[in-house]
Amino acid sequence: MSRKQATALAVILFLMLSALTLSGCGSKSGPKYLRVSVGAEPETLDPRKSTGIPESTVQAQLFEGLTTLDATNKPLPAMAERWEISPDGLRYKFFLRPGVKWSNGDPVTAYDFEYSWKTTLSPEFGAKYSYQLFYLKNGEAYNKGLTTADQVGVKALDDRTLEVVLEKPTAYFLSLTSFHTLYPVPRRIVEANPKWAAEPKTLIGNGPFKITNWVHNSRIELVKNDQYWDAAKVKMPKLDIILTESSSTEIAMFDNNQIDMGENAPPAEYPRLKKEGRLQISPYLGTYFFAFNVEKTPLDNPKVRQALSLAIDRQAIITNVVKGEQRVALAWVPPGLVDATPGSDFRTIGGDYFKDANFEIAKKLLAEAGYPEGKGLPAIELIYNTHDVHKAIAEAVQEMWRKTLGVNVRLANQEWKVFINTRSKGAYQIARHGWIGDYADPMTFLDMFETGSGNNDSQYKNPRYDTLIRLAKSTGNQEIRMKAMHEAERLLMDDAVIAPLYFYTRVTMVKPNVKGYHRSVLGHVYFKEAYLE
Amino acid sequence: MDFSPLKPTAEMLQKQTRPHLGFRQDAWLRLKKNRAALAGLSIIVFISLLAVFGPMISPYSYSDQTLANANQPPSAAHWFGTDNLGRDLATRVCYGARISLAIGIVASLINLGIGVLYGGISGYFGGRIDSVMMRIVDILYGIPLLLYVILLMVVLKPGLLNVFIALGLVYWLRMARIVRAQVLGLKELEFVLAARVLGASPRRLIFGHLLPNSLGPIIVTLTLSIPEAIFIEAFLSFIGLGVSAPMASWGVLASEGVVTLRSYPFQLLWPAVAISLTMLGFNFLGDGLRDALDPRMRR
Amino acid sequence: MFKSIVGRILSMLLVLWVIITVTFVLMHAIPGGPFTAEKALPEAVMKNIEARYRLNDPLPKQYADYWANLLRGDLGPSFKYESRSVNEIIAEGFPVSAELGLVAVTLSVLIGIPAGMAGALYQNRWPDHLVMLLATVGISVPSFILATLLIFCFALWLRILPAAMWGSPEYVILPALALAGMPTAFIARLTRSSMLEVLAQDYIRTARAKGIAPFTILWRHALKNALLPVVTYLGPMIAAIFTGSFVIESIFAIPGLGRHFVTSIYNRDYTVILGITVFYSALLVLMNFLVDLAYLWLDPRIKPEGED
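Analysis parameters
- Residues numbered from 1 in each chain as written.
- Chains lettered and ligands numbered in written order.
- Predicted model: local features only at pLDDT ≥ 70, side-chain atom pairs only at ≥ 80, totals over all residues.
- Heavy atoms only, no water.
- Helix = DSSP H or I, 4+ residues; strand = E, 2+ residues; numbered from the N terminus.
- Buried < 20%, exposed > 50% of the residue type's maximum accessible area, 1.4 Å probe, protein only.
- Contact = heavy atoms within 4.5 Å.
- 1 Å grid on protein atoms, 1.4 Å probe; cavity = no way out; pocket = protein on both sides within 12 Å on 5 of 7 lines; lining within 4 Å.
- Points joined across faces, edges and corners; volume = space filled by probe spheres on them.
- Nonpolar A, V, L, I, M, F, W, Y, C, P; charged D, E, K, R; others polar.
- Pairing = 2+ DSSP bridges.
- Buried area = accessible area lost by both parts, 1.4 Å probe.
- Salt bridge = Lys/Arg side-chain N within 4 Å of Asp/Glu carboxyl O.
- Domains from an automatic or database assignment.
- Polar contact = N/O pair within 3.5 Å; in protein donor to acceptor, adjacent residues only side chain to side chain.

Let us now look at the overall build of chain B. Within chain B one finds twelve helices and zero strands. Across chain B, helices and strands are ordered from the amino to the carboxyl terminus as α-α-α-α-α-α-α-α-α-α-α-α. Across the 299 residues that make up chain B, the buried fraction comes to 57%. Taking the intrachain contacts of chain B between residues at least 6 apart in sequence as the baseline, contacts between residues at least 24 apart amount to 73%.

Residue placement: B:Ile275 occurs in helix 12 (residues 266-293). A relative accessible area of 2% places B:Ile275 in the buried class. Sequence separation of B:Ile275 and B:Leu184 is 91 residues, and the distance between their C-alpha atoms is 34 Å. Apart from the residues lying within four places of it in its own chain, the contact partners of B:Ile275 are B:Ile230, B:Phe231, B:Trp250 and C:Ser140.

Scanning the model with the defined rule gives seven cavities of 30 Å³ or more in all. There is about 390 Å³ of room inside the second largest cavity. Counting residues per element, the ones that place at least two in the lining of the second largest cavity are helix 10 (314-322) and helix 13 (388-405) of chain A together with helix 11 (250-259) of chain B. Considering every element that reaches the lining of the second largest cavity, the biggest residue donor is helix 13 of chain A, with five residues. The residue makeup of the lining of the second largest cavity, split by class, is ten nonpolar, six polar and seven charged.

Residue and element names in this part refer to chain A. Note on placement: Pro 442 falls in the loop between strand 16 (430-436) and helix 15 (443-446). Distance in space between the C-alpha atoms of Pro 442 and Tyr 460 is 18 Å, their sequence separation being 18 residues. Once residues lying within four places of it in the same chain are set aside, the contact partners of Pro 442 are Val 333, Leu 337, Phe 346, Met 482 and Met 485.

Attention now goes to the pairing of strand 8 (residues 209-215) of chain A. Residue and element names in this part refer to chain A. With six bridges connecting them, strand 8 and strand 9 (residues 219-224) associate as antiparallel partners. Across the sheet, the residue bridging to Asn 213 is Glu 221, located in strand 9. Count of turn residues in the strand 8/strand 9 antiparallel hairpin: three residues, of which Asn 217 carries a positive phi of about 60 degrees.

Okay, the interface of chain B and chain A next. Contact residues are listed per partner, giving 28 residues for chain B and 26 residues for chain A. Here chain B packs against chain A, burying approximately 2200 Å² in sum over the two surfaces, 50% of which is carbon and sulfur. Broken down residue by residue, the surface that chain B buries against chain A is led by B:Gln65, B:Leu67 and B:Arg262, which jointly contribute 23%. The closest approach of N and O atoms between A:Lys391 and B:Glu256, which form a salt bridge, is 2.6 Å.

Residues and elements named next belong to chain A. In terms of domains, chain A is made up of domain 1 (37-227 + 511-532) and domain 2 (283-506). Roughly 1400 Å² is buried in total at the junction of domain 1 and domain 2, and carbon and sulfur atoms are behind 59% of that figure. Summed over the shared surface of domain 1 and domain 2, the number is zero salt bridges. Scanning the region where domain 1 abuts domain 2 turns up two residue pairs in polar contact (both at pLDDT 80 or more).

The next point concerns unusual backbone geometry. The linkage connecting A:Thr297 with the following residue, A:Pro298, adopts the cis geometry, with an omega of -5 degrees. As for its position among the elements, A:Pro298 is in the loop between strand 12 (279-292) and helix 9 (302-310). If you check the backbone angles, A:Gln459 has positive phi at about 60 degrees while not being a glycine. Within the fold, A:Gln459 resides in the loop between helix 15 and helix 16 (463-474). According to the relative accessible area criterion, A:Gln459 is buried, its value standing at 18%. Phi at C:Met165 is positive, roughly 90 degrees, even though this residue is not glycine.

Okay, here's the thing in structure tokens:
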């Protein structure tokens, strides 16, 4: 190498090294505010239009509904200070808290709620979650364009009183009013600027924080909202929300002290984080399962389905693969939902429907189905969407089926939307599935398997099941509802329409000094009262 | 006198082919003298042998799981350690070699078969033909690969074949452009002009003069294309193309190893070492081949 | 010359038209749409949404409408990101990706070419072996592994650089190095190999025989000719790197354009797919045009394309 070149190289190396040392001044302890990673870039922060968890997590800091859920899913007064329910359970009257304000100082009125709900339902608005408002009288009809907005069962009687009329008695309506689709939006701002939610300047909320900056695909900055009615309880001056869809990026930033909390730690790191005391596991309303397509041979035979389900060692998968202290699922509806009597749990009362890793019975059932030791069983394919956890689970189950039953199942992974398409069309035999509840009631799980339901990927058709679901939906009487739903669940399990694997948990990495936040089983985090120790 | 053609005898055939054979022998001799090239060849042979016999000798199969033994560091029982499901990594790396070597070979064939030829023709003829051919390359560069990969996945049954098809569609564009550039420069050189004046056919000019003189960039591009193809396969398998789990190529093993790098670095180490070793082998061999085949090196 | 440039521009427009059309057909051919979701939407709701985005129009009409908007410079609204337009997405993402790309390309040229020259000049001696060994490792290690190793080393172990995010200059270093790794190695190899070929040419031997210093030979005579394959590689590579790398941008959480090349397809965000494809392709054909012009300067014997 010539001298000139050598000099040039040396200069480059020197520049790079000095850049390295200059930047090495990051302090070890973090700043005095919370930095948290919630997932990917939000599709929108307009509560009427959003659907995903990252969106609703940000919105939960910016907005507040009529009610809010406490840690046990009990609805607490929020924007509404109290409410009255008619004896038939169809008519609700919400009384707004006096003096509640938007972050720009305007008062929050019942008209804002009426406007928000009606625009969400309007056909032209095209909101994906409009069906979350189909509980309102004529809500669905209006969305289909069969009637007009003034027929919809929501009306502001004055600034502070909101009257709601439901289509059917809905026992869990009060918990629904805490859901983001039912948040209010500032009517005056929204009418003036339809793109209001795209800019921090016009994105006005009524929650504990307000937005000051949004760098797309990078970060959202929130500061305390002084106009919030309960501002005295808000301790955090600022929230820095980091947007990344990669869990390895998240853990690297966590380990490098660039964030204090992350919602998506990679399972491989759980044991280490746990040892360091920086792993937090909380319940999450969801079930991980394999859906059997009951119309495809050999899975049209319930005994084959039962055999496959019983031959899975769920505890081994939880301990060795997913590692998040999930609960073995031997039924469909996850724990955490109130049964007929307050304080009781639907899952505890329903109990387990079968035994985990029941290999002997599994072998017997398969033989009874005509395939002793798997002989003569037609080819089976298990599909999953591409993800390292789904893949590991599928591989583990494949091996369990091979070892205990002698059944060789082929695995196939698919890109997400192709997968959704294949699964909902019923063009599969066994498919990986996971279902997260939308609201705190067993119905959010059970109506999935109604004949003709858009989410009945198993193609299950059972008139008795349908009757039970219809019964539970038609009444507000919790005794009758719960009994019907327990019976429906039994049918589903006896027919082995699905092989439940585990009940989800929410696994987050969080520094030990982060306190005071709370989390609902629906997956939302509330930083209202969070503080750093 | 009998002017009817002689029936070629075995002896004559040998006579005719001798100069040709001699040329090859010449190249082989020069290759043999190049120690780096031989080292490269031995590495490739060694890895190929591992790919074929490794899984046979191993007491484990690539899919045998012992969940309780997951993520074990290298030991006497498991030389390379175990993966997240307690499978023997050494066996999986050997097995992965079969897939990844196949991918590497097919990628090379695509590059040589389509890319070199396409670029050579485009560069040699120039003018309108070159224009059209290069605009087609631009078009193929521009259309998002992911779109036809997803379509392929839907249309075809899973398997290595659809990976080969996906590679065949686009995996020669860079080679074509580089060969074309080389040929554009070479064809104006004196020795090519001389050959053309002497009436050499385009085929003879392209294969006899232009391509052999472009061997340097061709082989360099080829050696880049192999590792790239190995990792493109990992990406394709992410979409759902390629072999199905629990079979895994080096690319897939490495991608999975990256995720667990913090806690179990050895899971990335082995596939990465395997890929790098193979690439060293191909590079040494490639350089040796170039030296052996390059017409100018014969002076 | 002028005529051939006009012809070239026309053919470039034709290329863009074909790319848009094929992409349009392909993206509608693959299963799933922008509003396919885990939780299936009720039919009526789906209809409302499709009406709102005019996805219920027949495809030829959607295609024609797209062109009408495109010719006005409007790439349409994103289907995934409410109230954001594709123009905004490109305007926000491209400068970030281009900044990172510029650093990476500069690094790979400034390191790759001298390293390759050193290898050629000291053929089969230790500088050559060192360069080639590093280059071989460089091309066998893809950017996602290199990025992870760099984060591991400089952020988590040495703790002198941020592990991810974007902002002040220190955030550029790791992603730029990860992005530059493979191109640097490839450029070094390419330069070395074509340099060796040029060095074997008669005119170089003559120059050597005349006693001209080796470096002068290399710089004045050999480099220009040896750059032909490097420049060929740089054309499409610059177009690709300046519009961002999906892998690097997602690993380092960089708000660039690159991530959209992959995520827009996963999301079936039709307008974003088309918009960034148009943008990238335009840059690509432009770069390839510049490369062809560069040939004329590097090797005056080459005739302009389209002339014969």
